[in-house]
Amino acid sequence: EGLSAARNSGIAAARAPVVAFTDDDCVPEPGWLAALLAALERPGVVAAGGPVEIARVATFVHRYLEANPPLAPLELELAAHPSLGARVALYLRRMWAPATRTDARGVYAFPGANMAFRREALEAVGGFHRAMRFGADDEYICGRIRERYPGTPLWFEPAAVVRHDYRGTLADLCRRNYAYGRGHARAFRMRTDQRWPILFPLPAVVLAAGASPGRPARRLARVAAAVALCYPQGLRAALGRRRIAELGFSWLRLAEEVAHDAGMATGLLDPRLSPTQPR
């Protein structure tokens, strides 16, 4: 029935006071569970998570994912900037000045591939919502925990490392982000405190550059310039690693965002994704 239902089955079968989660395409590093348990011993902490790093680098897409981890924790800045304008500004700032924090800290949400909760906290919020089959299920449960335990940190522990084995293809990159978009659409329908759907604005800028009048060669040049300016990942990687081919990172980021926005749009329009608890 989906990822959340499987996790609920795990919770029901578990007998320990702490329940930890990872995915079937992930391998925890030695000491992973010990680091999470140590984090949960901190006063007031009921949930902990850690970094999800790439398991191998064999393709160009792998190199992109290594430089731009897709399963990083969401920072507390999201809670402090609830308005649409503030979140767009935060998104644009992160594009040009990406966060590189590696310290232990409180965060907004963990990736589902690396998180642990006190069993009593999971039971207090009713476990994972079965309607969240894939994508945004981790953000949803973290949001429920924050609501149930206000002021309690969701603790990020950098020593609790899990390695994710991505396929390393463009098709898989787009497939994942499309699924995340549909998951975010379902979460948007379910959460009454989320005022705006998660849509990336920069693909529209690139589309406008290509749709403007002019000869095909000029339009293509404008699109290339828009991608380079809107998505500086490629320029940073090419300069930092001294590999001109890694200018292509900008195009991969564009592909991620287009796939996510497509998933979000189809999810919002698909009546089959209506949750059991509507907005």
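One can find the structure itself at the top, above this paragraph.
Every value quoted in this text rests on a predicted model; they were computed, and no experiment measured them.

### A few points about the overall build of the protein
Scanning the protein from N- to C-terminus turns up 12 helices and eight strands. A globule of 279 residues ought to have a C-alpha radius of gyration of about 19 Å, and the protein, at 19 Å, matches this closely. Summarising its shape, the C-alpha atoms of the protein cover approximately 65 × 45 × 35 Å along the three principal directions. Here the protein holds 279 residues, and the buried ones make up 46% of them. Across the protein, every contact between residues at least 6 apart in sequence was considered, and the portion connecting residues at least 24 apart equals 80%. Total accessible area on the protein stands at roughly 14,100 Å², and carbon and sulfur atoms take up 61% of it.

### Describing helix α10 (residues 216-230)
End to end, α10 covers 21 Å across 15 residues, agreeing with the expected 21 Å (1.5 Å per residue, within 8%). By the burial criterion, the buried members of α10 are V223, A226, V227 and C230. Within α10, the buried residues cover an arc of 100° as seen down the axis, which keeps them to one side. More than 90 degrees from the buried face of α10, the exposed residues found are A217, R218 and L229. Of the surrounding elements, those touching the buried residues of α10 are α5 (84-96), α9 (202-211) and α12 (249-269).

### Looking at the nonpolar core
One finds L36, L40, Y64, L65 and L173 to be the most contacted residues of the largest nonpolar core, which totals 26 residues. Of all elements in the fold, only α2 (32-40), β4 (52-54), α3 (60-67), α8 (170-190) and α12 reach the threshold of two or more residues within this core. At five residues, the largest contribution of residues to this core is made by α2.

### Here we look at the pattern of salt bridges
This model, assessed by the stated rule, comprises 18 salt bridges. Taking the shortest distance from any N to any O, the salt bridge between E246 and R243 comes out at 3.3 Å. The class for R243 is partly exposed, based on a relative accessible area of 41%. Shared partners join several salt bridges into a network, and the residues in it are R63, E66, R241, R243 and E246.

### A look at the packing of α9 against α12
Running from N to C, α9 and α12 point in directions that differ by 105°, and their axes come no closer than 9 Å. By the angle between their directions, the pair α9 and α12 is classed as roughly perpendicular. Contacts between α9 and α12 pair L202, P203 and V206 from the former with L254, E257, V258 and D261 from the latter. Here the contact of α9 with α12 is built from residues that sort into five nonpolar, no polar and two charged.

### A look at the side chain of H164
Relative to the elements of secondary structure, H164 occurs in strand β8 (residues 162-164). Residue H164 is classed as buried on the basis of its relative accessible area, which comes to 2%.

### Brief notes about the packing of aromatic side chains
Scanning the entire structure with this criterion turns up five aromatic pairs. With a centroid separation of 6.3 Å and 65° between ring planes, the pair formed by F21 and F117 is classed as edge-to-face. With F21 in strand β1 (residues 18-21) and F117 in strand β6 (residues 115-118), the pair connects residues that are 96 residues apart, well separated along the chain. In this structure F117 comes out as buried when scored by relative accessible area, which is 0%. Ring plane angle 55° and centroid distance 5.3 Å describe the contact between F60 and F249, whose orientation is recorded as tilted. On the criterion of sequence distance, the pair formed by F60 in helix α3 and F249 in helix α12 is long-range, its members being 189 residues apart. Judged by its relative accessible area of 27%, F60 is partly exposed. F249 sits in the buried class, given a relative accessible area of 0%. Taken together, the aromatic side chains of F21, F117 and F128 make up a single cluster linked through ring pairs.

### Overview of the sheet that holds β4
The strands making up a sheet are joined through hydrogen bonds of the backbone, oriented either antiparallel or parallel. Taken in spatial order, the three strands of this open sheet run β2-β8-β4, and their pairing is mixed. Of all the strands in the sheet, just β2 (26-28) and β4 have a single pairing partner and so form its edges. The mean inter-strand angle of the sheet, taken between neighbouring strand axes irrespective of direction, is 35°.

### A few points about helix α11 (residues 233-241)
Since one α-helical turn is 3.6 residues long, residues separated by three or four positions face the same way. Residues Q233, G234, A237 and A238 constitute the buried set of α11. Down the axis of α11, the smallest arc covering the buried residues is 125°, so these residues share one side. Residues of α11 that are exposed and point more than 90 degrees away from the buried face comprise L239 and G240. Residues of α11 that are buried make contact with α5 and α12. Following α11 by one or two positions, R242 adopts a phi angle in the positive range, close to 60°.

The rules we used
Numbers given for residues are sequential positions, taken from 1 along each chain in its written order. Thresholds applied to this predicted model are a pLDDT of at least 70 for local features of residues and 80 or more for the giving and counting of side-chain atom pairs; totals over whole chains, interfaces and linings are not thresholded and use all residues. Heavy atoms from the whole structure form the basis of all side-chain values; hydrogens and water molecules are not counted. To qualify as a helix, a DSSP run of H or I must reach at least 4 residues; to qualify as a strand, a run of E must reach at least 2; elements of each kind are numbered from the N terminus. Only C-alpha atoms enter the radius of gyration, while the globule expectation follows 2.2 Å times N to the 0.38, with N the number of residues. Remark: exposure states derive from per-residue accessible area (1.4 Å probe, protein chains only) relative to the maximum for the residue type, with buried under 20%, exposed over 50%, and partly exposed in between. Pairs of residues are marked as contacts when any of their non-hydrogen atoms sit within 4.5 Å. Only the protein chains shown count as covering a residue, and every accessible area follows the Shrake-Rupley method with a 1.4 Å probe. In a helix, the anticipated span is given by 1.5 Å times the number of residues less one. This arc is built from the directions going out from the helix axis to the C-beta atoms. Put simply, buried Ala, Val, Leu, Ile, Met, Phe, Trp, Tyr and Cys residues joined by side-chain atoms within 4.5 Å make one nonpolar core. Just to be clear on terms, a salt bridge is a Lys or Arg side-chain nitrogen sitting within 4 Å of an Asp or Glu carboxyl oxygen. Axes here mean lines fitted to C-alpha atoms, for a helix over just the part in contact, with angles spanning 0 to 180 degrees between N-to-C directions. Throughout this description, any angle smaller than 35 degrees is read as roughly parallel, any larger than 145 degrees as roughly antiparallel, any in the 65 to 115 degree range as roughly perpendicular, and the remainder as oblique. Classification used: nonpolar for Ala, Val, Leu, Ile, Met, Phe, Trp, Tyr, Cys and Pro, charged for Asp, Glu, Lys and Arg, polar for all others including Gly. Note on aromatic contacts: the rings of Phe and Tyr and the six-membered ring of Trp form a pair at centre separations within 6.5 Å, being stacked when their planes are under 30 degrees apart, edge-to-face when over 60 apart, and tilted otherwise. The pairing criterion is simple: DSSP has to find at least two bridges between the two strands.

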